[in-house]
Amino acid sequence: MELLAVILLFYASQYLLAMGEEVFEGAELAVLPCHYSGVIPEVNPSVIWSRHDLKPQTVHLRRKEDDFCGQNQRFSGRTSMKFDALASADFSLSLRNPRLYDSGNYICSISDGIAEITVTEVKLQVKASPESLTMTMKVLKGEESVLLPCQYGKELEEVVTVKWSRSDLNPNIVHKLGNYPSEQNQLYEGRTSMSPYALTSSDFSLTLKEPQLSDSGIYICSIIDDKEEIFLSDVQLHVRASEEFLTVTVEVYKGEESVVLPCQYSKVIEDLVTVKWGRSGLNPDTVHQRRERDDLRGQNQLFEGRTSMRPDALVSGNFSLTLKEPQLSDSGIYICSIIDEEEETRLLDIQLHVKEIFPTWAVVLLVLLVLLAVSGGLLFHFRHDLISVYKVEVDSGVESVLLPFKTTVRLSEYNTTVTWRNNRNRVVHSNCYKDYQQHKQFKGRTEMNINYKSRDFSLTLKNPTDRDSGTYSCTVYDYWSGKILAEKQVLLKVKVYKVEVNSGVKSVLLPFKTTVSLTEDNTTVTWRNNDGRMVASNRYKDDQQHRQYKNRTEMKKNYGSGDFSLTLKNPTVRDSGTYSCTVYDDKSGKIRPNKQVLLKVKVYKVEVDSGVESVLLPFKTPVSLTEEVTVTWRNNSGRVVDGYDWWYKNLQQHKQYEGRTEMKINVKSRDFSLTLKNPTVRDSGTYTCTVSYRQTGEILAMKQVLLKVKVYKVEVDSGVESVLLPFKATVLLSKDNTTVTWTDNPGRVVRKHNRRLGFLSEVQHQRYKNRTEMKTKFTPGNFSLTLKNPRHRDSGIYTCIVSRWGTILAMKQVLLKVKVYKVEVDSGVESVLLPFKTPVSLTGVVTVMWRNNSGRMVDCNYFKELQLRQYKYRTEMKKNYKSGDFSLTLKNPTVRDSGTYTCTICRKETILAKKQVLLKVKGEADSPIMAIDFGSGYSGYAFNLKPREEGGETQLKRWGKELGLDSPKTPTCILFDRHKRFLKFGYEAKTAYSNMRGREADNYYIFDNFKRNILDIYEPAPGRGVRNNEKIFFFSKSMTRLELFREVLRFLKDDALKTIKHHPAGGEISASDFTWVLTVPGSLKDLTKRLMTEAAVQAGLVGEDTKDKLVFALESAAALAWCLKPPPDGFITQNHSRTSQDQPPEPAGAGTSCNDPAGGPEPGETRVLLETQNQDQVAEPGETRVLLETQNQDQVHCKMGTKILLETRNPDRKRYLVVDCGDQIYRITVHEVLEGGALKMLDKDFRRYLGEKKIKEFLREIFSHGVWREYEENFPSEVLKIMFEFIHLQHLDEDVQISCPDTLRERAQREKDIETFFASVEGASWEDGVIKISRDKLRSFFDDSLQRITERLRDVLNKNSNIGFIVLVGGLAESQMLRQFITDQFGHQYKVLCPLRPQEAVLKGAVELGRNPELVQFD
């Protein structure tokens, strides 16, 4: 009974706090309420508490038990939930010791691992109690500045970030020590500063200039290192109004009906004004606003429905505000002001105090007493539920680390399985699995001493590196029943030593000292970078060292003290990354302790505006030099910018920089700074200066400088008469030989004018004929250009060059953005008006024509016969020549009509006016989208259940969990029984068939990689029908095309509906509810389309009367649409770690079957939101490399996001070449982005890889022709298994191993000893039942294919002009070998992009095209 009373009392206190939504700092507990009334998912239920303003966002995660792996460290040890939360549907969260910075919006949601549903959102306000504040500062408004003190008593051992914040603001950043302008709240822009010696003196005090009333609040000072954020102090700042303003103080008790805040204005109001009541410290700060009537659109929601003013306020001058039902939170300073067209005039500041009849401190004291009474009992009763994940932290370089696990459960030695896995579900160690099932990352590095008596299953991991960091789970379960007997998670963090230097230093030391006793005779020490390239070694020859590090490394070789530190000379930003030192024992083959060091080389940054006369790239070296040196400046493409050689004087310079550089050559002062004249955005990038001896080539000094050239921006609306692109320069002009040239992005001449010859119209591009004007007299240096009738396609960068006899005198770039007028209507309205009214005076005969985004005629005042059939009898155009109104009415608009419409008024060939209108027709409630990618090697599906307007995340089914995999696709392999009845598909089909013994497989039908056989249908002979019944043969078994494709679609449909049934947002949903998208490799033949449609009908995707819900999407267009979709997933750089297609960078937690992989990259992996010209470079934190200064960030949130970005990301109309690297076939397509944003395919090609054929020839070479032929004939299922394993290994760029089946080994040993088969074969060896293949041999399998890809790419590139991007997608695009090869071949000329998860691009893009079918134009 006492326990029941305690629990009831606990709930009572919980309710009290939840209703208040606020708590004082120093309270013992705050409870955030969350009650769920829906159905708890049966599979993998989890409750997530999160805050979206934090990173990481997770506050608390409850699965079967609490999971603290991804928890934000500021909540470590302070959160808990009820032990039966999932059973009782009470997801309330207890937060211990609430702090000021805990204030914010907390989101409670439930997930089944596939999708997430928000249950409730709780706003927590932690208020400062007077005794908890470190200091209170008071200052009058109008003072010059105020100092907020913050001191740190300890010595800083490493670089930290100092942060000042206010929890009541969003964003909450007031100031960060460093350059973080994008994170700072705009209220403080340009008003905060800290001492330049803050980190040295540990004085983190903040100076706030010109304090305002709105600056009043609590300021928190903290420091952030790699581990956590440490709170230092908080300061209460009171900014008081000056005496002339603060004249009234109003007090009222909480619970009163209303309170009046007085404000009188004695002057006569002559013009229309706005009366505004605001309150400092709120965002938004508007309490009430009155113009002609109340305008409450920007009102803070705290005052919704509670404010009013007199109806005659503007007439009487009585602007008093009535505030109903005043609350404690209404206390503050209220500002009454009037706003006219010129300025805002403050009339009065009022201090409102809302007091409580029953003091707050008494309520808080009562709650605290209740919580103190129950906390001890509850914490003891639920102690097991509050235990967090055990954490182990070690330094890289230790010999081993112990992951402890002892259980109290009694276990049997005979039927107990103990398995350790990492957070990618990879097998780390097991007492039952075979060696080949252990992931290669942990081979030879784990030991587990299983002791059933002591129940100790601790794991020892040898030579841990940062790659091993993560959560490790140990599961003990009964082998026969599969019942889990015990579980534990251990969080391992391997810390990497960090070294940070500036570019330009002579050298940097990467330290490594081991305590292990070593001898020179049997010890190999090797340093490698995070791409596996050799940096230095005590054994290997110089030719094995990567060329990047030639003559730049020195390694200590002190075997006695164990010091093998590495000195790297002249480090550059390219050298940034993680370096690993590994010590091998040559006799035993064991790996001794290894260590990792993270090197960061910082680059000096220079930023200037386009149009400046010149910019200086500084370089002054401290190294003593002789005169016999070579000095070379290069850009990030390796091109010579400027150079100097003592003997040969000036080096050959790239034409881009001819006549534009000057370099100081002062060997004595060691100054080699470079002056670059007339810099443009094209010059942005990293510049490297190298000083070396001329005779030996030894590098003496090196420095890098990052240059960013900003472009002047001009923005206008489509339809304006003209736009001015400004350029003024102080240039001395000659009377007869000065030329001014304006060009656009692709280099087309916009206008060219010579001082002597005048306007050179013959070189002007056709697009700009009769549309440009310049002042013919250029004095005093005005070279501005007027562009008439600007339209959306004119958006881009324009360059003006002033030259004399080929010498550039001045240069400037201007970025023009022409915005399109937008009209949005619902499908079903009677009509929609596309407005166009021109101020141009029209006389005589003119032609007015409206066209859609494909250039087809919509309406015209003449030539009606050319009108597109789609618009017949549906358009009416106003023809008011006097007023210039030519607006178009489009009747009965549908979703298909969405797009950009252009109205052009011309007289003969002269354009008089032009305007574009973007129409979006919203359909009825959008049906959910299901996309199926039927691939040559792998297939899968993705879906989105949310309407298009709501966005929502595209979900993918994850496959292969039964094999320890986590793949977005499953093999295109289908298995039937002897009666041709469907059995299995994908991994299950391959596994089942591979496990069949001997002749058992003869009784089954299996078809693998049969996509091409189904889709390659040729035109039938005259009189013959579609050959849907033509048979496909595989291993002497046959079925018809239609049967095979129907069963594939049927399985994927049924599996998708089964998956969605368990989806929180899914529930009962049928196939007829979906729009189905099927991907196709190229332009669709009618016969193929009919076959696919018939199969879809028979499989139950659509019915005979709903075939319109079946959509076909080009694979390449889908992939490209996803890559350009805002915001992009990001692209892979060359630092991206090697992960196979079945192991994406960060899969969802164990048990997740359908959610997208979440989380960050592996150590050493870099994500890039735009592309980088030089993929070996590492971006600085917060740095975005400039593709072109053409992105408009506000478009990211535009409802037409994808469509708009297809145009705005690429304003110079560059085409995209998409290489779809499937596992069997690669396809090359070229796409152009049309003016309205649609994608049009211009060219296509495909070829088959030779990798699988090569591996079979390789195995035949090893085992001799007779052995392999007999094995291939008798055991086809095992041959499939070998090929299946090889496909997964071909993504790697390292030594690999393939399991050798027992039947093959036994057959080979009948001929001779198994090891002798490998004696004469280069690149292969035998070891403990596996075939080891060297990295070079693996590469050789693909040499021919890579060369063919190169040849085909060159052919396509030569045929198609204006290609700017090569986009790599598909499963094999995850191969580092392939990416590097393409980049090496074409990266210097084209921008090579590969999305972070390339195998998912087609599926996710297909969903996007299903939601926006107008994005693709089929020929």
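In case you missed it, the structure is sitting above this.
Residues numbered from 1 in each chain as written. Predicted model: local features only at pLDDT ≥ 70, side-chain atom pairs only at ≥ 80, totals over all residues. Heavy atoms only, no water.

Re the nonpolar core
Counting 56 residues, the largest nonpolar core has L1049 and W1076 as its most contacted members. Top contributing element to this core by residue count: helix α8 (residues 1041-1061), with 10 residues. Non-local contacts of W1076, meaning those with residues more than four positions away in its chain, are made with M930, I932, K1053, A1071, L1101, V1102, K1109, L1110 and V1111. (Core = buried A, V, L, I, M, F, W, Y, C linked by side-chain atoms within 4.5 Å. Buried < 20%, exposed > 50% of the residue type's maximum accessible area, 1.4 Å probe, protein only. Helix = DSSP H or I, 4+ residues; strand = E, 2+ residues; numbered from the N terminus. Contact = heavy atoms within 4.5 Å.)

Some points on a nonpolar patch on the surface
Taken together, the side chains of V845, Y862, F863 and L866 define a hydrophobic patch exposed on the protein surface, amounting to about 420 Å² of accessible area. Looking at the element boundaries, Y862 is found in the loop between β62 (857-860) and β63 (875-877). (Patch = residues over 30% accessible without salt bridge, like charges linked within 9 Å, V, L, I, M, F, W, Y side chains within 5 Å. Areas by Shrake-Rupley, 256 points an atom, 1.4 Å probe, with all protein chains shown as cover. Salt bridge = Lys/Arg side-chain N within 4 Å of Asp/Glu carboxyl O.)

As for the state of the cysteines
Taken as a whole and judged by the stated rule, the model has 3 disulfides. Paired by a disulfide, C150 and C221 hold their sulfur atoms 2.2 Å apart. Measuring the twist about the S-S bond at about -75 degrees, one finds the C150-C221 disulfide to be left-handed. Highlighted residues: C150 in the loop between β10 (145-148) and β11 (161-165) and C221 in strand β15 (residues 217-224), separated in sequence by 71 residues. Of the two residues, C150 and C221, both sit in the buried class. Sequential numbering of the bridged cysteines in the protein chain gives the disulfide pattern 1-2, 3-4, 5-6. (Disulfide = S-S within 2.5 Å.)

Overview of the sheet that holds strand β37 (residues 553-555)
On the basis of which strands lie adjacent, the open sheet formed by 3 strands has the order β34-β38-β37 and antiparallel pairing. Both edges of this open sheet fall to β34 (507-510) and β37, since each of them pairs with a single strand only. Neighbour to neighbour, the strand axes of the sheet diverge by 20 degrees on average, direction disregarded. Alignment of β37 against strand β38 (residues 566-569), held across 3 bridges, turns out to be antiparallel. (Pairing = 2+ DSSP bridges. Axes fitted to C-alpha atoms, helices over the stretch in contact; angles between N-to-C directions.)

Details of the packing of helix α15 (residues 1335-1359) against helix α16 (residues 1376-1386)
Where α15 meets α16, the axes come as close as 11 Å, and the angle between the chain directions of the two elements is 40 degrees. It follows from the interaxial angle that α15 and α16 lie oblique. Viewed along their axes, α15 and α16 form a crossing whose handedness is right-handed. The segment α15 lies against α16, with R1339, F1342, L1346, Q1347, I1349, T1350, L1353, R1354 and L1357 engaging M1377, L1378, F1381, I1382, Q1385 and F1386. Considered class by class, the residues forming the contact of α15 with α16 number 10 nonpolar, 3 polar and 2 charged. (Parallel < 35°, antiparallel > 145°, perpendicular 65-115°, else oblique. Left-handed = near helix turned anticlockwise from the far one by under 90°. Nonpolar A, V, L, I, M, F, W, Y, C, P; charged D, E, K, R; others polar.)

Side note on the pattern of salt bridges
Within this structure, the stated rule accounts for 46 salt bridges. Note that D90 is salt-bridged to K82, the shortest N-O span being 3.7 Å. The salt bridge partner of R958 is E1400, with a shortest N-O separation of 3.1 Å. A residue pair is termed long-range when its members are at least 10 positions apart, and R958 in the loop between β69 (955-956) and β70 (970-971) and E1400 in the loop between β87 (1391-1393) and α17 (1401-1411) qualify at 442 residues. Judged by relative accessible area, R958 falls into the buried class, the value being 3%. A cluster of three or more residues bridged by salt bridges with shared partners is formed by R958, R1397, E1400 and K1404.

Digging into the pairing of strand β6 (residues 93-96)
What you see with β6 is no split at all: L93 and L95 on one side and S94 and R96 on the other are buried throughout. Pairing of strand β2 (residues 29-32) with β6, which is carried by 4 bridges, proceeds in the antiparallel orientation. By the bridge assignment for β6, A30 is matched with L95. Examined bridge by bridge, strand β5 (residues 79-81) and β6 share 3 bridges and lie antiparallel to one another. Across the sheet, T79 pairs through a bridge with L95, a residue of β6.

Overview of unusual backbone geometry
When glycine is set aside, most residues are seen to have a negative phi, and most peptide bonds are trans. The phi dihedral of Y873 falls on the positive side, at around 60 degrees, and the residue is not glycine. Structurally, Y873 is set in the loop between β62 and β63. Judged by its relative accessible area of 77%, Y873 is exposed.

Notes on α16
When you tally the buried positions in α16, you get 9 out of 11 residues, the bulk of the element. Among the residues of α16, those classed as buried are Q1376, M1377, L1378, R1379, Q1380, F1381, I1382, T1383 and F1386.

Thoughts on the packing of helix α10 (residues 1115-1123) against α17
Running from amino to carboxyl end, α10 crosses α17 at an angle of 85 degrees, the nearest separation of the two axes being 7 Å. Judged by the inter-axis angle, α10 sits roughly perpendicular to α17. Note on element contacts: α17 touches α10 through A1401, V1402, K1404, G1405, A1406 and L1409, opposite E1115, A1117, A1118, A1119, A1121 and W1122. When the residues that make up the contact of α10 with α17 are grouped by side-chain class, the tally is 9 nonpolar, 1 polar and 2 charged.

Digging into the sheet that holds strand β57 (residues 796-804)
Spatially, β50-β58-β57-β52-β53-β54 is the arrangement adopted by the 6 strands of the open sheet, whose pairing is mixed. The strands lining the two open edges of the sheet, one partner per strand, are β50 (712-717) and β54 (758-759). Looking at chain direction, β50 and strand β58 (residues 807-819) are connected through 6 bridges and run parallel. Considered in β58, the bridge of D717 is made with K819.

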